[in-house]
Structures are given as structure tokens and as C-alpha cells.
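# Results of the structural survey
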Amino acid sequence: MKYAIHTLNKAFDHRVRLGVMAVLLANELVSFNDLKESLDLTDGNLASHVAALEKAGYVLVSKQFVGKKPNTTYAATTEGKLAFQQHLAALEKLLRS
Amino acid sequence: MKPAAQDPLAQLTEIRAIMERSSRFLSLSGLSGVGAGVVALAGTAIGHYYLRQEYGEQGYQRLFQTSEAERLAALPFLLGLALAMMAAAVLVAAVFTLRRTRRDGLRSLWTAPARRLLVALLIPVAAGGLFCLKLYLSNAVELVVPGMLVFYGLALLNGSKYTLDEIRYLGLTQIALGLVALLVPGYGLLLFGAGFGLGHIGYGLLMYNRYERPARVAAGRANIAP
């Protein structure tokens, strides 16, 4: 089955991106710090991967201020949820083949 | 960071674990339940001896028919006892859970799922507390214990979305005991002890045996055989 591997989404071709999508699927709205904590990552590492997911249209980033502190929250877009579920299905298919 | 592992099974397992970990507070220690249960049993015993001393044998039942003045006189002690029990139980529970968090090597106890769990528990508990206070003041003392059990059970049921599945069954147990207490009001204090005391201890031991003891036994073996 060399074809099944092509159905895997390139946007999720990294552990961190998979992790971000997993957290965003399990939770509606997640702050930068909570996301960082659940995945045990550094700021820069997380930011660059989230930016890639945002560019793909899978993650919605909204920046607000709580008092003087910037507060960034992330949510998966409908498209992102769908793409991630398809990715999971493709992984499962790979397992069975 | 490595690129995504080639093994799809490993990937799926990790994704599942991340989803679980990010939405549920899983570090709740079973010993927290045991500790809270022991506090509840001690509190129940103190309440029993206080009421017996004030109103003689069957002191608890006597409270149902006593005059308003007497009920108000007993309120500061009973309310104080309830609040002290809650504070002590929360403290003991926090200590054991903090210990487990440390042992698991987690950095913080105050994670998003932990906050969500606390809010989910606190809202029904606070509403139930005020509701039961009003029941007591309105001369419906026999409904106070059933009310406490049912509201607490609903709180656990509500919070179980954000933590271990056993909490859901602990909640259902409390609700059932609360409804039984409604039918046999004379046994209220006994059922209070059964629910808050034995219920916590039972489910605490169950959780400890299921999640923590295997890990500790494994860790112990690793220490013996390097």
C-alpha cells in the first residue's frame, strides 16, 4: 500500500502540529500558555508551528488584551477539524493496510 | 524536535494521550478521596456526639421537631462543623494530589483542566450549600442531609467531564444515597457518613489501586533491580 501514505496531510507532518491540533480538538478555546503547557514546548517552537497551521487555515488566532497583558487564544477552524479528522482516518487506514 | 514519527500507531496513541491530558485533570490522587472520607467520618462522629449531648439519644431526629430558637442555637456549631470539614477535606485532598503531581513529574497543578474541574464542582456545591442553609432555616431539617448528598453528587457528575471516570460513579452513588436519605430521614446522619465518608474512601481506594499502586510498584521494582 504505497498510496495510503499520500493521503496524509502535509500540514500535520510534525509532532508539534499534530499535538496542537489534538489539543484544539479536545478543547474549544485554548490560550497560548495552556497550549504551551499541555505540549511541554518553548514559546518560539510553538509560535512557529501555530503560524504554519494558521497559514493553512486550520487554526484561528485571536489576540486580545487582558488589562495590559496580551492574551492570545487559539481555536481550530471547521476546515482544520475536518482536515485533522481526515488525517487521523488516514493514519488508521495505514495501520490496517 | 523530531519530525513526526513514521509509526502511525505511535502517532495515534500520542494524539489520544494529548487530547485526554489537555481536556481532563488526571492527576487526582485516590488518596485524596481516602483523606477526605476520613475527615468526613470524623466530622460525622463529632456532629453525632454534639447532637446527642444537646438533645439526648436520637439527637439528630430531635432536631427535626425542635423549636426555632433551639435550631438557631445549634446552627453556628453545625454550620461551623460543615465548613471546617469542607476546608479540612479540600486541604487533605490537595496535599495528596499535589504529591502525585510531583511524582508524575508534572510542573504545575494549576492547569486549564484543573481550573475547569474546580469551577464545575464549585458552582453546584455553592448553590447546594445555600439551598441547604435555607432548608435548615425554614424548618425542613430532615431535607438538609438528602440535599447535601444530592447536590454534591450532581457536582461530581458535572465535574467528572474533566477528570477520572470514577468520579462520575462516585457522584451517582452520592445522588442515590441522597434519595435514600429522603425516604428514611431518621438515618440521615448515618447516610451522610456513608456517602461523604465511606463513598470517598471506597472510590479513593479503587482509584489508588487502579492508577497509582501499579506505577509505584513498578517504580519500586526499578529501584531494587537497577
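Definitions and cut-offs
Residues numbered from 1 in each chain as written. Chains lettered and ligands numbered in written order. Predicted model: local features only at pLDDT ≥ 70, side-chain atom pairs only at ≥ 80, totals over all residues. Heavy atoms only, no water. Phe/Tyr/Trp six-rings, centres within 6.5 Å; stacked < 30°, edge-to-face > 60°. Helix = DSSP H or I, 4+ residues; strand = E, 2+ residues; numbered from the N terminus. Buried < 20%, exposed > 50% of the residue type's maximum accessible area, 1.4 Å probe, protein only. Polar contact = N/O pair within 3.5 Å; in protein donor to acceptor, adjacent residues only side chain to side chain. Contact = heavy atoms within 4.5 Å. Axes fitted to C-alpha atoms, helices over the stretch in contact; angles between N-to-C directions. Parallel < 35°, antiparallel > 145°, perpendicular 65-115°, else oblique. Left-handed = near helix turned anticlockwise from the far one by under 90°. UniProt positions renumbered as here; feature names shortened; annotations may be inferred. Buried area = accessible area lost by both parts, 1.4 Å probe. Salt bridge = Lys/Arg side-chain N within 4 Å of Asp/Glu carboxyl O.

Residues and elements named next belong to chain A. The full count for this structure, using the stated rule, is eight aromatic pairs over all chains. A centroid spacing of 5.5 Å and a plane angle of 85° characterise the contact between Phe12 and Phe84, whose relative ring orientation is edge-to-face. Taken together, the residues span a long stretch of sequence, with Phe12 in the segment before α1 (15-26) and Phe84 in helix α4 (residues 78-96) at a distance of 72 residues. This pair shows no difference in class: Phe12 is buried, exactly as Phe84 is.

Turning our attention to the side chain of Ser29 of chain B. All names here are of chain B. Within the fold, Ser29 resides in the loop between α1 (8-23) and α2 (30-55). Its relative accessible area of 2% is what places Ser29 among the buried residues. For Ser29, the side chain forms a polar contact with the main-chain nitrogen of Leu31, separated by 3.1 Å. Those residues in contact with Ser29, other than ones at most four positions away along the chain, are Phe96, Thr97, Arg100, Met207 and Glu212.

To continue, consider the packing of α1 of chain A against α1 of chain B. At a minimum axis distance of 8 Å, the contact between α1 of chain A and α1 of chain B shows a crossing angle of 45°. Compared by their axis directions, α1 of chain A and α1 of chain B come out oblique. Crossing of α1 of chain A over α1 of chain B shows right-handed handedness. When α1 of chain A is examined against α1 of chain B, the residues Arg15, Leu18, Gly19, Ala22, Val23, Leu25 and Ala26 of chain A are found in contact with a partner set consisting of Gln11, Glu14, Ile15, Ile18, Met19, Ser22 and Ser23 of chain B.

The next thing to look at is the UniProt feature "transmembrane region" (unreviewed entry) in chain B. Residue and element names in this part refer to chain B. Here, the residues flagged by UniProt with the feature "transmembrane region" (unreviewed entry) are residues 25-51, 71-96, 117-137 and 143-160. Across residues 25-51, the secondary structure splits into 81% helix and 0% strand, with the terminal C-alpha atoms separated by 39 Å. Within the segment residues 143-160, helix and strand shares are 89% and 0% respectively, and the terminal C-alpha atoms sit 25 Å apart.

Another point: the interface of chain A and chain B. Contacts between the two partners involve 25 residues from chain A and, on the opposite side, 22 residues from chain B. Both sides of the chain A and chain B interface together cover about 2,000 Å² of buried area, and 64% of this is carbon and sulfur. Sorting the residues of chain A by area buried against chain B places Arg15, Leu91 and Leu95 of chain A first, and these three jointly supply 28% of that buried surface. Between the two partners, chain A and chain B, sit two salt bridges. Here Arg15 of chain A ties to Glu14 of chain B by a salt bridge, and the two come within 2.5 Å at their closest N and O atoms. Summed over the shared surface of chain A and chain B, the number is five residue pairs in polar contact (both at pLDDT 80 or more).

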